Amino acid sequence: MITEKWEYLRTAKGLLCFTINYSLDSTDFWKVYYLDKGELVYAKEGERMNFPSFKDFIGWAGSFYFSKGKLIDFITLGHGKSEVGDWDPEKDTFKMFKRRYKEYLAEVKKESN
C-alpha cells in the first residue's frame, strides 16, 4: 500500500503550491508544484533511495520551469527517466501536474460539502 502525504498553501486568491510525498519499497518520491493565477510555473520532482549503506542517496531529481503552459527550461540530476531517449519532460511533467491538480480540486470539493 502506498500512503501519500499532501501539503498545500493557498490564499484567498487561490492555490499557490502543493507537495506530494510517498514511498514505494525502499524509495521515497516527491513532487512539488507552484502556481501563479492557477497556471503551473514551476515543478520539482525526485526520488531518494534508502539503502542501508548510503544515507539519503538521491537517485534522480528534476526542476521544470513553465510559462503559459509551455516548458521554458529544466534541469535534472542523477539516473532516471531523463536518460530514456523518448522522454518528453514538458508532456510528462504537465500531464502529472494536471492529474494531481484534478485530485486536489476533488478533495477540496469534498471538504466543502
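Residues numbered from 1 in each chain as written. Predicted model: local features only at pLDDT ≥ 70, side-chain atom pairs only at ≥ 80, totals over all residues. Heavy atoms only, no water.

Novice: How would you sum up the overall build of the protein chain? Please name residues and give values.
Specialist: Regarding its fold elements, the protein chain presents one helix and six strands. When the elements of the protein chain are put in sequence order from the N terminus, they spell out β-β-β-β-β-β-α. Oriented by its inertia axes, the alpha-carbon framework of the protein chain measures out at about 45 × 35 × 20 Å. Taken over 113 residues, the protein chain has a buried fraction of 31%. Within the protein chain, residue pairs in contact and separated by at least 24 positions form 23% of the contacts whose partners lie at least 6 positions apart. Carbon and sulfur atoms make up 55% of the accessible area of the protein chain, which amounts to about 7900 Å² in all. Here the protein chain contributes 19 positively and 18 negatively charged side chains, and the mean placements of these two sets differ by 6 Å. (Helix = DSSP H or I, 4+ residues; strand = E, 2+ residues; numbered from the N terminus. Buried < 20%, exposed > 50% of the residue type's maximum accessible area, 1.4 Å probe, protein only. Contact = heavy atoms within 4.5 Å. Areas by Shrake-Rupley, 256 points an atom, 1.4 Å probe, with all protein chains shown as cover. Lys, Arg positive; Asp, Glu negative; His and termini not counted. Charge placed at Lys NZ, Arg CZ, Asp CG, Glu CD.)

Novice: Give me unusual backbone geometry: which residues, what numbers.
Specialist: Here the phi dihedral of Lys37 falls at roughly 55°; this positive angle occurs in a residue that is not glycine. Position of Lys37 relative to the elements: it lies in the loop between strand S3 (27–36) and strand S4 (39–49). In this model, Lys68 sits at a positive phi of 55°, which is unusual for a non-glycine residue. Note on placement: Lys68 falls in the loop between strand S5 (57–67) and strand S6 (70–78). We classify Lys68 as exposed; its relative accessible area is 79%.

Novice: Describe the pattern of salt bridges, with residues and values.
Specialist: Under the criterion given, the structure shown has seven salt bridges. Residues Glu4 and Arg100 are paired through a salt bridge, measuring 2.8 Å at the closest nitrogen-oxygen approach. Pair noted here: Glu4 is in strand S1 (residues 4–11) and Arg100 is in helix H1 (residues 89–112), with a separation of 96 residues, a long-range link. By relative accessible area, which is 3% here, Arg100 ends up buried. Through salt bridges with shared partners, a single network forms among Glu4, Arg99, Arg100 and Glu103. (Salt bridge = Lys/Arg side-chain N within 4 Å of Asp/Glu carboxyl O.)

Novice: Go over the side chain of Thr93, please, and point to the residues and values.
Specialist: Within the fold, Thr93 resides in helix H1. One polar contact links the side chain of Thr93 to the main-chain carbonyl oxygen of Pro89, over a distance of 2.8 Å. Among residues more than four places away in sequence, those in contact with Thr93 are Tyr33, Ala43, Glu45, Phe64 and Phe66. (Polar contact = N/O pair within 3.5 Å; in protein donor to acceptor, adjacent residues only side chain to side chain.)

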